[in-house]
Amino acid sequence: MAAPACQAEKGGGKALDLFDYMREKNMKSESPLASRLRPRTLDEVVGQSHIIGKDKLLYRAIQADKLGSLIFYGPPGTGKTTLAKVIANTTSSDFKQINATVAGKKDMEEVVKAAKDNLGMYGRRTILFVDEIHRFNKGQQDYLLPFVEDGTLILIGATTENPYFEVNGALLSRSRVFELKPLDKEDVKELIRRALTDVERGMGAYQAVMDEEAMDFLADTANGDARAALNAVELGILTTERGEDGRIRIDLETAQECIQKRAVYYDKNGDNHYDTISAFIKSMRGSDPDAAVYYLARMLYAGEDIKFIARRIMICASEDVGNADPQALTVAVSASLAVERVGMPEAAIILSQAVTYVATAPKSNAACMAVSAAQETVERTRTMPVPVHLRDKHYKGAEKLGHGLGYQYAHDYPKHYVKQQYLPDGLAGTVFYHPTDLGYERRIREHMDWLKSGEEDQKR
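Definitions and cut-offs
- Residues numbered from 1 in each chain as written.
- Predicted model: local features only at pLDDT ≥ 70, side-chain atom pairs only at ≥ 80, totals over all residues.
- Heavy atoms only, no water.
- 1 Å grid on protein atoms, 1.4 Å probe; cavity = no way out; pocket = protein on both sides within 12 Å on 5 of 7 lines; lining within 4 Å.
- Points joined across faces, edges and corners; volume = space filled by probe spheres on them.
- Nonpolar A, V, L, I, M, F, W, Y, C, P; charged D, E, K, R; others polar.
- Helix = DSSP H or I, 4+ residues; strand = E, 2+ residues; numbered from the N terminus.
- Buried < 20%, exposed > 50% of the residue type's maximum accessible area, 1.4 Å probe, protein only.
- Polar contact = N/O pair within 3.5 Å; in protein donor to acceptor, adjacent residues only side chain to side chain.
- Contact = heavy atoms within 4.5 Å.
- Expected span 1.5 Å × (residues − 1).
- Patch = residues over 30% accessible without salt bridge, like charges linked within 9 Å, V, L, I, M, F, W, Y side chains within 5 Å.
- Areas by Shrake-Rupley, 256 points an atom, 1.4 Å probe, with all protein chains shown as cover.
- Salt bridge = Lys/Arg side-chain N within 4 Å of Asp/Glu carboxyl O.
- Axes fitted to C-alpha atoms, helices over the stretch in contact; angles between N-to-C directions.
- Parallel < 35°, antiparallel > 145°, perpendicular 65-115°, else oblique.
- Phe/Tyr/Trp six-rings, centres within 6.5 Å; stacked < 30°, edge-to-face > 60°.

*Asks:* How should I be thinking about the layout of surface pockets in this particular structure?
*Replies:* Think of a ball as big as a water molecule: rolled over the atoms, this probe shows where empty space is left. Approximately 680 Å³ is the volume attributed to the second largest pocket. Within the lining of the second largest pocket, the residues separate by chemical class into 11 nonpolar, 4 polar and 5 charged.

Written as structure tokens, this is what we have:
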């Protein structure tokens with residue numbers, strides 16, 4: 001005999017048998033604290049007031065059930081999936097959810113078929129929530145486009161990556177992007193308090209208390225990631241013995257054990273990676289060794305490739321220090337070789353030496369600007385012949401053609417310098433390199449001026 005139908009999927013009309021119902025019920029009770037404590041309504045959501053404050057567009061659209069396609073973008077633990085679940089609880093539309101890391105075309109085809117049936121037979125819209133939407137390749141995203149465009153589906157995508165790079169431009173043009181920000185410390189503390197006191201979905205039945213300094217530590221160390229803080233709370237309560245008063249007390253030491261490493265949001269292929277390395281380079285260029293070392297430490301903490309960091313230091317040493325201190329490039333190259341041979345954790349010391357040297361060195365981008373100007377000239381002018389007197393006269397027939405004739409050997413002249421034309425005829429007199437008066441480059445400029453001062457002696 002078939003098991004009785006106990007519950008229907010929201011808006012789907014498909015009955016769950018008794019075993020499905022019990023499995024779903026057990027999953028809800030045994031799921032992690034962060035999952036159980038997800039807000040069910042907008043009023044339960046903590047943080048993100050810049051997009052879901054009561055006077056904001058998204059809040060009004062959710063309350064009125066008048067949503068268009070959306071993209072939620074932000075770091076882990078900031079509430080992207082939470083907002084999608086809130087929408088699922090408030091909308092009259094059929095709500096479907098898939099995860100792009102595991103979903104295939106067949107899953108999307110089933111959703112589209114059900115969406116067409118709902119729209120055609122019942123006039124009911126379908127909201128499709130795609131978690132990790134940046135994991136979909138171009139073909140998968142293209143498949144959804146016509147159904148979003150004709151209204152068969154309302155798309156809600158969640159991503160930790162910049163959607164302007166990772167999401168199909170056509171889908172983006174039909175969606176509104178909302179950026180979620182890391183929760184501030186007080187927001188995280190509010191969630192911890194809720195977890196400690198909520199008997200139904202939180203850990204309230206355990207009669208646990210948390211010292212204020214422990215709560216401050218967890219809220220600060222979570223770095224705006226609510227999930228990280230709640231996981232630590234759950235672990236602490238489940239692994240701490242009750243005291244003589246029958247209560248579980250979470251002190252600072254316990255909190256430190258439960259979240260041993262600060263949750264640093266740093267995706268090596270994402271925005272945070274590029275933002276951090278940009279700040280790192282700009283700090284060295286701006287002669288701020290303290291900021292440069294801070295960003296170095298942040299990258300090392302997050303596990304950034306030390307060879308990548310070393311390459312950026314070498315580039316900065318040449319691009320931004322240049323001949324103001326030619327030794328900077330030598331230091332940077334030596335550091336690059338050293339870190340490959342030594343490895344972490346000692347490589348941090350070597351990188352710090354190179355970073356502080358480059359950051360405090362006098363700065364000049366004259367060499368960088370020289371080659372940029374020369375490259376621009378090469379691109380916009382025709383290829384001009386090398387002056388005859390500079391051409392190689394050693395290959396067969398070259399001397400008969402006059403190649404090398406009239407070349408003046410610099411070492412035969414005072415100061416080992418003689419004025420002669422080196423640029424092609426059409427560019428004679430063009431200046432690409434303008435040494436500054438900073439650091440060693442000042443000596444270069446003075447030396448060039450000194451050489452050229454001897455041109456009058458050559459005329460006499």
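There's plenty left to go through after this.
*Asks:* Quick question: what am I supposed to make of the side chain of Gln420 here?
*Replies:* Locating Gln420 in the fold gives a position in the loop between α19 (366-380) and α20 (439-453). Note on Gln420: relative accessible area 14%, which makes it buried. One polar contact links the side chain of Gln420 to the main-chain carbonyl oxygen of Gln408, over a distance of 2.8 Å. Of the polar contacts made by the side chain of Gln420, one reaches the side chain of Tyr422; its length is 2.8 Å. Ignoring any residue separated from it by four or fewer positions in sequence, one finds Gln420 in contact with His389, Gly406, Tyr407 and Gln408.

*Asks:* I keep staring at helix α10 (residues 185-197) and nothing clicks. Help me out?
*Replies:* Three- or four-residue spacings in an α-helix give side chains the same orientation, since the helix completes a turn every 3.6 residues. In this model, α10 (13 residues) spans 19 Å end to end at C-alpha, consistent with the 18 Å of a helix rising 1.5 Å per residue. All of the buried residues along α10 are Asp187, Val188, Lys189, Leu191, Ile192, Arg194, Ala195 and Leu196. Looking at the buried side of α10, the elements it contacts are α2 (33-36), β8 (208-210), α11 (212-221) and α12 (226-239).

*Asks:* Quick question: what am I supposed to make of a nonpolar patch on the surface here?
*Replies:* Taken together, the side chains of Leu329, Val333 and Leu337 make up a nonpolar region of the molecular surface, amounting to roughly 220 Å² of accessible area. Structurally, Leu337 can be placed in helix α17 (residues 327-342).

*Asks:* Explain the packing of helix α16 (residues 306-321) against α17 to me, please; I cannot follow it from the model alone.
*Replies:* Geometry of a packed helix pair, given as the angle between the helix axes and the separation of the axes. At a minimum axis distance of 8 Å, the contact between α16 and α17 shows a crossing angle of 175°. In terms of orientation, α16 lies roughly antiparallel with respect to α17. Residues Ile306, Lys307, Ala310, Ile313, Met314, Ala317, Ser318 and Val321 of α16 form the contact with α17, whose own contacting residues are Ala328, Leu329, Ala332, Val333, Ser336, Val339 and Glu340. Its residues placed into classes, the contact of α16 with α17 shows 11 nonpolar, 2 polar and 2 charged.

*Asks:* Sorry, what's going on with the environment of Gln353 here?
*Replies:* Positionally, Gln353 belongs in helix α18 (residues 347-360). Along the backbone, Gln353 and Ala332 are 21 residues apart, and their C-alpha atoms lie at a distance of 9.0 Å.

*Asks:* Please explain the packing of aromatic side chains as it appears in this structure.
*Replies:* Aromatic rings considered in pairs are described by the distance between their centres and by the relative angle of their planes. Under the criterion given, the structure shown has 4 aromatic pairs. Taking 6.5 Å as the distance between ring centres and 25° as the angle between the ring planes, the aromatic pair formed by Phe95 and Phe129 counts as stacked. One end of the pair, Phe95, is in strand β4 (residues 94-99); the other, Phe129, is in strand β5 (residues 126-131), with 34 residues separating them in the sequence. Judged by relative accessible area, which is 0%, Phe129 ranks as buried.

*Asks:* How do you make sense of the pattern of salt bridges when you look at a structure like this?
*Replies:* It is possible for side chains bearing opposite charge to pair when their charged atoms get close. For the structure shown, the criterion picks out 16 salt bridges. The salt bridge involving Asp65 is made with Arg125; its shortest N-O contact spans 3.6 Å. Here the residue Asp65 occupies a position in the loop between α4 (57-64) and β3 (70-73), and Arg125 occupies one in the loop between α6 (105-122) and β5, the gap between them amounting to 60 residues. For Asp65, a relative accessible area of 15% translates into the label buried. Residue Glu212 is joined to Lys189 by a salt bridge in which the shortest nitrogen-to-oxygen separation is 2.9 Å. One end of the pair, Glu212, is in helix α11; the other, Lys189, is in helix α10, and 23 residues separate them in sequence. When salt bridges that share partners are traced, they join Arg40, Glu44, Glu200 and Arg201 into one network.

Bear in mind that shape data such as this cannot, by itself, settle questions of function.
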